[in-house]
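Report on the structure
Here are the chains, one letter per residue:
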There are 4 protein chains.
Amino acid sequence: MRALVLNCTLKKSPARSNTQALADVVIQALRDLQVEVSVERVVDHTIPFGVETDLGDGDEWPRLHDAILASEILVIATPTWIGRPASVAQMVLERMDAMISEQNDDGSYVAYNRVAGVVVTGNEDGAHHVISEIAGGLVDIGFTIPAQAWTYWNMGPGPGPSYTETDHKHDWSESTGKTMAANLVAVAAALKAQPIPPAG
Amino acid sequence: MRALVLNCTLKKSPARSNTQALADVVIQALRDLQVEVSVERVVDHTIPFGVETDLGDGDEWPRLHDAILASEILVIATPTWIGRPASVAQMVLERMDAMISEQNDDGSYVAYNRVAGVVVTGNEDGAHHVISEIAGGLVDIGFTIPAQAWTYWNMGPGPGPSYTETDHKHDWSESTGKTMAANLVAVAAALKAQPIPPAG
Amino acid sequence: MRALVLNCTLKKSPARSNTQALADVVIQALRDLQVEVSVERVVDHTIPFGVETDLGDGDEWPRLHDAILASEILVIATPTWIGRPASVAQMVLERMDAMISEQNDDGSYVAYNRVAGVVVTGNEDGAHHVISEIAGGLVDIGFTIPAQAWTYWNMGPGPGPSYTETDHKHDWSESTGKTMAANLVAVAAALKAQPIPPAG
Amino acid sequence: MRALVLNCTLKKSPARSNTQALADVVIQALRDLQVEVSVERVVDHTIPFGVETDLGDGDEWPRLHDAILASEILVIATPTWIGRPASVAQMVLERMDAMISEQNDDGSYVAYNRVAGVVVTGNEDGAHHVISEIAGGLVDIGFTIPAQAWTYWNMGPGPGPSYTETDHKHDWSESTGKTMAANLVAVAAALKAQPIPPAG
């Protein structure tokens, strides 16, 4: 089984990403469950704004598009800015908009029978909203969202340290991340054994 | 297989519910797939505000709570008011909050291995937001949300007719509702064949 | 100048309300600015679900409706449940839906030239989303939302103590609440001196 | 009085922007009210992702930042994608995040006493959510949101024509846009006559 993690931090490599630090917990838990995991930091690629799969002219989205379709599990990892998902996460959903109408040879939609989860960090508040926004978009695109397929670490109220600047409640976020990994794998396996049939 | 539809209209019976009219399409499609479907109009019951399973003193929620746990499929059907889910739908999520910690004998959480979908009506705008809010809450509680497990009929911009006052684009909402029913049944069946295991 | 605070806790009096505890900071700050403040705990009244100003038959909303219109400042205070505004807050917005079309003698809409703010508590996460949902609804209804017209105390990640069970970061929420009170009064005064004219 | 309109379409010039077409109604109404209006299509500029005012290295945000501060009125115009604000609109909010702590010489925050509104287009659904998300972010940053300071044109249910491909209900969106312009100007004028004082 394969998983793709798209880290939607605003910061290019090699800047340190708090979101990657929490995603790493989920990645390790997936690997412990024998899942082959790839990670891409979206801003390290040339991804123009748009809603088609290939915008040409150096567009590097098609490679990420193919990586999504090569995986049974997708994890969107994003920071929280102004209480909302990072613009990079929304840019990813927009590029995935084209997948709503892309079909396999048997007429099924390409996102069907894939599962997705969300990892969120932030230094104040907003995780559940970010999870709902991203999960809501992914369900539109055709992914299945397993029970508790998320983890987060947002600490408020008001401004405070970032995830990598403190150990406060990391244990809760890590334990939640392990359950997330287990649930993603379990539902992906169930859908592999017994897939959603193509629409009648 | 059993499904429970909770109609979260603000109007008590026998007032006509636009939301029920669209939910009926999904209910028929579920029955065509051999699912046994029950429907409850929440405001016809005495349901106090709160976050526990039994608030005593005439509380009729425990019966709905048991009906949820007797079903593999839950459908929340809600109108859109001020661009947001009906207060009755949020009241239902709040009463379901207690299910986050309720466990089966094997230690698994009670909502696990159940799937849920959303039906939305409105005379202006807001369906996708309402779907994300309710699906986001249900994932927190432990439900799995299948690919495109929703249908809606909201027509804008600005004020206009209600669902039962026009035939405009009913065909789209009905066809989407049939796909919703098929996807709910498919993922419920996959999870029945191969359930999410209790957390390690 | 008058202000009305609607406490949208799920708990009837005399149960202790964390939301009231934080709202009290804002109320004191408003009183220090010579504002006459009234407070109503919504669930202590008989308020049926609906979208009209008077549903008859013991409906106590009309008195709250009149209290809103007797005040230049409205504060909605709400807990966060499942990451979203309390059902009681949404019920209040729904009952206020009728105000969208209610007009003064000069043809202006009744909510125009009134300002509103939001107080949020929660023991995990979600304040900014709750603020956006309620402020978004109030702008639809015709209120003006001043700069930083909110305060909150939500502490995560994951479950933890409630507001009244800890002193953690109360100072931040209180200082933010005082700025909120000052901004509500300043914008209410500016609109009193120079009102939005009735629509042409 | 000056206004700045930031068009957050995903499409670079000279591609036709539906969002610009609706924004033009608001722009004309502002000009009729003697407001000097500038318009910028954000994607025509080099704007890197981030949360600081000047990211150096060809960053063209500082010029837009200065244009915001040279205007009493800000209008964010955005399409709806996957039911949510365009990534470009969120990118703009992120770059404006730095303004939360930028102060004038008298200690007041730079966004204070400025007003903001939102223009939304989409071919399906989502306007009220997009308005709440953007208005919620702008209130965090320090803007005041006047009563009904928005217009939109989203037509559903399901896929359909874009704004410039039909005349359906343009009259409603245009009339709402004129009220939006009048309300933005009225509240901006009231705050100019009697500003929010710097925090004590």
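Turning to the overall build of chain A, a few remarks are in order. Across its full length, chain A carries five helices and six strands. Helices (α) and strands (β) of chain A occur, in sequence order from the N terminus, as β-α-β-α-β-β-α-β-α-β-α. Taking 16 Å as the expected radius of gyration for a compact globule of 200 residues, we find that chain A reaches 16 Å, a close match to that expectation. Along the first, second and third principal axes, the C-alpha set of chain A runs to 50 × 40 × 25 Å. Residues counted as buried form 57% of the 200 residues belonging to chain A. Within chain A, contacts between residues at least 6 apart in sequence are counted, and of these 79% link residues at least 24 apart.

A word on the relation of the copies chain B and chain D. Once turned by 180° and shifted 0.0 Å along the axis, chain B lies on chain D with an RMSD of 0.0 Å. Taken together, these values place the two copies in the relation of a two-fold axis. Looking at chain B, 100% of its interface residues are interface residues in chain D too, so the copies touch through the same face.

Right, let's talk about unusual backbone geometry for a bit. All names here are of chain A. With omega at 5°, the peptide bond leading from serine 13 into proline 14 counts as cis. Note on placement: proline 14 falls in the loop between β1 (2–7) and α1 (18–32). Note that the residue after glycine 156, namely proline 157, is joined by a cis bond; omega there is -5°. Here proline 157 is to be found in the loop between β6 (150–154) and α5 (170–193). Within the chain, glutamine 34 stands out as a residue other than glycine whose phi angle is a positive 70°. Mapped onto the secondary structure, glutamine 34 falls in the loop between α1 and β2 (36–41). Look at glutamine 34 and you get exposed, because 8 C-beta atoms sit within 10 Å. Even without being glycine, glutamine 148 reaches a positive phi, approximately 40°.

Residues and elements named next belong to chain A. End to end, helix α4 (residues 127–141) covers 21 Å across 15 residues, agreeing with the expected 21 Å (1.5 Å per residue, within 8%). For α4, the tally of buried residues reaches 15 of 15 residues, placing the bulk of the element in the interior. At the C-terminal side of α4, glycine 142 shows a positive phi close to 125°.

As a further point, take the confidence of the model for chain A. On average, residues of chain A score 95 in pLDDT, and 100% of them reach the 70 mark or higher. Predicted complex, confidence summary: ipTM 0.95, pTM 0.96.

Between chain D and chain C, the contact holds 32 residues from the first and 32 residues from the second. Elements supplying a minimum of two residues to the side of chain D that touches chain C: α4 (127–141) and α5 (170–193) of chain D. Top contributing element to the side of chain D that touches chain C by residue count: α5 of chain D, with nine residues. Tallied by class, residues from the side of chain D that touches chain C come to 20 nonpolar, ten polar and two charged.

When chain D is fitted to chain C, the best match, at an RMSD of 0.0 Å, comes from turning it 180° and sliding it 0.0 Å along the axis. Of the residues that chain D buries at the interface, 100% are likewise interface residues in chain C, meaning the two copies contact each other through the same surface.

Before going further, it helps to examine the pairing of strand β5 (residues 115–122) of chain D. Residues and elements named next belong to chain D. For β5, the tally of buried residues reaches eight of eight residues, placing the bulk of the element in the interior. Because side chains alternate across β5, one face comprises the buried residues Val115, Gly117, Val119 and Thr121, and the other comprises Ala116, Val118, Val120 and Gly122, equally buried. In this sheet, β5 lies alongside strand β3 (residues 73–81) in parallel orientation, the contact comprising seven bridges. In the strand pairing of β5, isoleucine 73 is matched with valine 115. Viewed along the sheet, the connection from β5 through α4 into strand β6 (residues 150–154) turns out right-handed.

Further remarks concern the environment of phenylalanine 49 of chain B. Within the secondary structure layout, phenylalanine 49 of chain B lies in the loop between β2 (36–41) and α2 (61–69). A count of 22 C-beta atoms within 10 Å places phenylalanine 49 of chain B in the buried class. As for phenylalanine 49 of chain B and valine 92 of chain B, which are separated by 43 residues in sequence, their C-alpha atoms are 8.9 Å apart. Look past the residues within four positions of phenylalanine 49 of chain B in its chain and what remains in contact with it is Met91 and Glu94 of chain B together with Leu10, Val43, Ser87 and Val88 of chain C.

All names here are of chain C. Topologically, arginine 41 is positioned in strand β2 (residues 36–41). Expressed as a C-alpha distance, the spacing of arginine 41 and valine 25, which sit 16 residues apart in the sequence, is 16 Å. When near neighbours in sequence (up to four residues on either side) are disregarded, arginine 41 contacts Asn7, Thr9 and Ser13.

With that settled, consider the interface of chain B and chain D. The partner chain D presents 16 residues to the 16 residues of chain B that form the contact. Mapped onto the side of chain B that touches chain D, the elements with two or more residues apiece are α4 (127–141), β6 (150–154) and α5 (170–193) of chain B. Grouping the amino acids of the side of chain B that touches chain D by side-chain chemistry returns six nonpolar, eight polar and two charged.

Mapped onto the elements of the fold, aspartate 97 of chain D is located in the loop between α3 (87–96) and β5. Put simply, aspartate 97 of chain D and isoleucine 141 of chain D are 44 residues apart on the chain and 6.6 Å apart in space, counted from C-alpha to C-alpha. If sequence neighbours within four positions are ignored, aspartate 97 of chain D has contacts with Trp81 and Ile82 of chain A together with Val51 of chain D.

Right, let's get into the packing of α4 of chain A against α4 of chain B. Close contact between α4 of chain A and α4 of chain B brings their axes to 8 Å; oriented N to C, the two are set at 110°. For the element pair α4 of chain A / α4 of chain B, the angle class is roughly perpendicular. As α4 of chain A packs across α4 of chain B, the resulting crossing turns out to be right-handed. On α4 of chain B, the residues that touch His128, Ile131, Ser132, Glu133, Ala135, Gly136, Val139 and Asp140 of chain A of α4 of chain A are His128, Ile131, Ser132, Glu133, Ala135, Gly136, Val139 and Asp140 of chain B.

This paragraph deals with the pairing of strand β1 (residues 2–7) of chain C. Residues and elements named next belong to chain C. In terms of residue burial, β1 counts as a mostly covered element, since five of its six residues are buried. Note that the unit made of β1, helix α1 (residues 18–32) and β2 has a crossover that is right-handed. Note: β1 against strand β3 (residues 73–81), five bridges, orientation parallel. Paired with leucine 6 across the bridge in β3 is isoleucine 76.

With that settled, consider the packing of helix α5 (residues 170–193) of chain C against α5 of chain D. Where α5 of chain C contacts α5 of chain D, the two axes come as close as 8 Å, and the packing angle between them is 105°. It follows from the interaxial angle that α5 of chain C and α5 of chain D lie roughly perpendicular. Facing α5 of chain C, whose interface residues are Ala190, Leu191 and Ala193 of chain C, α5 of chain D presents Ala190, Leu191 and Ala193 of chain D. The class makeup of the residues in the contact of α5 of chain C with α5 of chain D is six nonpolar, no polar and no charged.

For the rest of this paragraph, the subject is the nonpolar core. One finds Ile76 of chain A, Ile76 of chain B, Ile76 of chain C together with Ile76 of chain D to be the most contacted residues of the largest nonpolar core, which totals 272 residues. What isoleucine 76 of chain B contacts, discounting residues up to four positions off in sequence, is Leu6, Cys8, Ala89, Val92, Ala116, Val118 and Ile134 of chain B.

The rules behind each value
- Residues numbered from 1 in each chain as written.
- Chains lettered and ligands numbered in written order.
- Predicted model: local features only at pLDDT ≥ 70, side-chain atom pairs only at ≥ 80, totals over all residues.
- Helix = DSSP H or I, 4+ residues; strand = E, 2+ residues; numbered from the N terminus.
- Rg over C-alpha atoms; globule rule 2.2 N^0.38 Å.
- Buried ≥ 20, exposed ≤ 12 C-beta atoms within 10 Å, placed from the backbone.
- Contact = placed C-beta atoms within 7 Å.
- Least-squares fit on C-alpha atoms with pLDDT ≥ 70 in both.
- Expected span 1.5 Å × (residues − 1).
- pLDDT = per-residue confidence, 0-100.
- Nonpolar A, V, L, I, M, F, W, Y, C, P; charged D, E, K, R; others polar.
- Pairing = 2+ DSSP bridges.
- Right-handed = clockwise from strand over helix to strand, strands pointing away.
- Axes fitted to C-alpha atoms, helices over the stretch in contact; angles between N-to-C directions.
- Parallel < 35°, antiparallel > 145°, perpendicular 65-115°, else oblique.
- Left-handed = near helix turned anticlockwise from the far one by under 90°.
- Core = buried A, V, L, I, M, F, W, Y, C linked by C-beta atoms within 7 Å.

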